[in-house]
Amino acid sequence: MAIKFNEVAFTYQKGTPFESQALHDINLEIEDGSFTAIVGHTGSGKSTLLQHLNGLLKPTEGEIQIGEQIITPETPNKALNNLRKQVGIVFQFPEAQLFEETVIKDVAFAPKNFGKTESEAEAIAAKMLQLVGLPESIYQQSPFDLSGGQMRRVAIAGILAMEPKILVLDEPTAGLDPRGRVDMMAMFEELHREQNLTIILVTHQMDDVANYADHAIIMSKGTIIKSGTPRAVFSEPDFLLNNHLNVPTTTLFSKKLTEKGFSFANMPLTEAELADDLVALLSRKGGHDANE
Amino acid sequence: MTEVIKVDHLNYQYEAQKELNEMALKDVSFTINKGEWVAIIGHNGSGKSTLSKNINGLLAPKSGEITVDGLVLSTETVWDIRRKIGIVFQNPDNQFVGATVEDDVAFGLENNGIERKEMQERVRDALERVDMWQFAAKEPARLSGGQKQRVAIAGIVALRPEVIILDESTSMLDPEGRDEVLSLIHQLKDERGLTIISITHDINEAASADKIMVMDGGQLVKQGTPAEIFALGEQLVDMGLDVPYPERLKAALKKRHFDIPDDYMTEEGMVDWLWQLNSTK
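As annotated in an unreviewed UniProt entry, chain B carries the name Energy-coupling factor transporter ATP-binding protein EcfA and comes from Dellaglioa algida. Recorded under Sequence similarities (unreviewed entry), the UniProt text for chain B is reproduced unchanged: "Belongs to the ABC transporter superfamily."

As recorded in an unreviewed UniProt entry, chain A goes by the name Energy-coupling factor transporter ATP-binding protein EcfA2, listed as coming from Dellaglioa algida DSM 15638. In its Subcellular location (unreviewed entry) section, UniProt records this for chain A: "Cell membrane". In its Sequence similarities (unreviewed entry) section, UniProt records this for chain A: "Belongs to the ABC transporter superfamily. Energy-coupling factor EcfA family."

Some points on the UniProt feature "domain: ABC transporter" (unreviewed entry) in chain A
Within this numbering scheme, the UniProt entry marks residues 3–246 of chain A as carrying the feature "domain: ABC transporter" (unreviewed entry). Segment residues 3–246 of chain A splits into 35% helix and 25% strand. End C-alpha atoms: 27 Å apart.

Description of the domain arrangement of chain B
All names here are of chain B. We note that the domain assignment places domain 1 (3–243) and domain 2 (244–281) within chain B. For domain 1 versus domain 2, the distance between C-alpha centres works out to 35 Å. Counting residues at the interface gives 9 residues for domain 1, matched by 6 residues for domain 2. Across the interface of domain 1 and domain 2, roughly 560 Å² is buried in total on both sides, 70% from carbon and sulfur atoms. Area buried by domain 1 at its contact with domain 2 is led by Phe-230, Ala-231 and Val-243, which between them contribute 67% of it. Taken together, domain 1 and domain 2 are joined by 0 salt bridges. Where domain 1 touches domain 2, the interface holds 0 residue pairs in polar contact (both at pLDDT 80 or more).

Reading the values: rules and limits
Per-chain numbering applies: the sequence of each chain, read as written, is numbered from 1 onward. Here chains are named by letter from A upward and ligands by number from 1 upward, in the order in which they appear as written. Note on the predicted model: pLDDT of at least 70 is required for a residue's local features to be given, and 80 or more for side-chain atom pairs to be given and counted; whole-chain, interface and lining totals, by contrast, use all residues. Where side-chain values are given, they derive from all heavy atoms of the structure, hydrogens and water being excluded. UniProt positions are given in the numbering used here, feature names are shortened, and annotations may be inferred rather than shown by experiment. In this text, helices come from DSSP runs of H or I with a minimum length of four residues, and strands from runs of E with a minimum of two, each type numbered from the N-terminal end. The domain limits used here are those given by an automatic or database domain assignment. The contact criterion used is simple: two residues touch if any of their non-hydrogen atoms lie within 4.5 Å. Throughout, buried area stands for the accessible area (probe radius 1.4 Å) lost by two parts on being put together, summed over both. By definition here, a salt bridge exists when the distance from a side-chain nitrogen of Lys or Arg to a carboxyl oxygen of Asp or Glu is within 4 Å. Polar contact is defined as a pair of N or O atoms within 3.5 Å, subject to the rule that within protein one atom must be able to donate a hydrogen and the other to accept it, and that residues adjacent in sequence are counted only when both atoms are side-chain atoms.

The structure is reproduced here in structure tokens:
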């Protein structure tokens, strides 16, 4: 399912003395089957934007199209119910929302709520638990006896059990150790590739943007300040750095090299790209094994 | 140098481990000097947090001895020892008790029976040190993650401890919040000669330490300076830490049959090394 925002704005408590504008002039397009990263500071409007994706909030101005559905400030709330099944949002620290006695029951909760029978719901749950890489031996365990990383996988399986077309992830690797982060990102990559899920990832990890996303959206003060492929967005590292945002570790390192007289045709985004460029540059100079 | 913490042949077993004959901490011994910053790393379940809970008496060792600032930990000394050690936990939202920032910082002092006038002075002093005095009357819920952790640190600073344990206290923060907290800890260490123990998965936090201790399977398996530990490269991932960037790039270059020294290089060191190579005709 594709997503389109047209001149969207959102104001909290509009028409009261407490009104505050959280989003303005938002125009964006997210293609079906794409992997989009949204980055920006705490308070830049990322979370408010996310909540528009499954109808938790409606725009106060402008228009949003998600698949066939059009959402405007006038759309009745009832018309948004369908969206909740199509767009699954994994909020930060989703393991805090686990509540059932067993892992399988927790994951089966949503499909049961949407009208499946107990056995149908459990069959869906088992399939989703397999997708997130959890072994059958834990299905009957209490989710609260699992490790942090496993609990988070259970919570994600619970969202996948609604069989959404779009999966929205709000900092899904926060608080995990480095191995857990790598494993978790590999899992999303696989869901994206094999289940053809459209993925929208909110993150502070620019290395993940460089490694996984095909589209990056940079937000600041309630609006989009840059959007494009990671290559295009990170081609001018100073733009992001001046906005107090990071760039991928490789790009930052490469920037230091350019200050020392190196030049790259494209600003490298990953260590593999930089290593390729360095080998080409330095071998031509004859600085290493050619002479040794 | 004065020893502030001494752990001698420490063993710990959780109740559930008894049947399986497993141990959470196995024969752990080390010393930490006053004013030192020590990072403890290790993957999840390696015993890092169990160790910190033993040090301040939240868990009672199966055997072995812990000495903090000259006091041997026992049921008689545990309260004195807890006064010497403050812990900042991972989740900034789980450690607030006061309705305002000021009340929250005062809580620990009240519990320790500090007289009102002195309490007010200490609260103000602590909040000024963490640069949060202007938020004294605010509700903690209104603060950012980094600000909340700074208030939690103020609550500890007000009690004037010898040691601060950071138990993954920056892992739930955004990059800015993380920088805020780390630079504050640097400043407190320099001004007050505090001893810092940070349990962390964050490479920058580990790089701030004077010494890194690596835990695995309940044992202390390695100790060294950040440069010594970071030179382990890819093995760091199994120790619950990211690989430092220069080591990642070195691995990628080696894969391409590029000659490169094995010694650990900082980022600046590696930039200079490449620059030298690039300037050689």
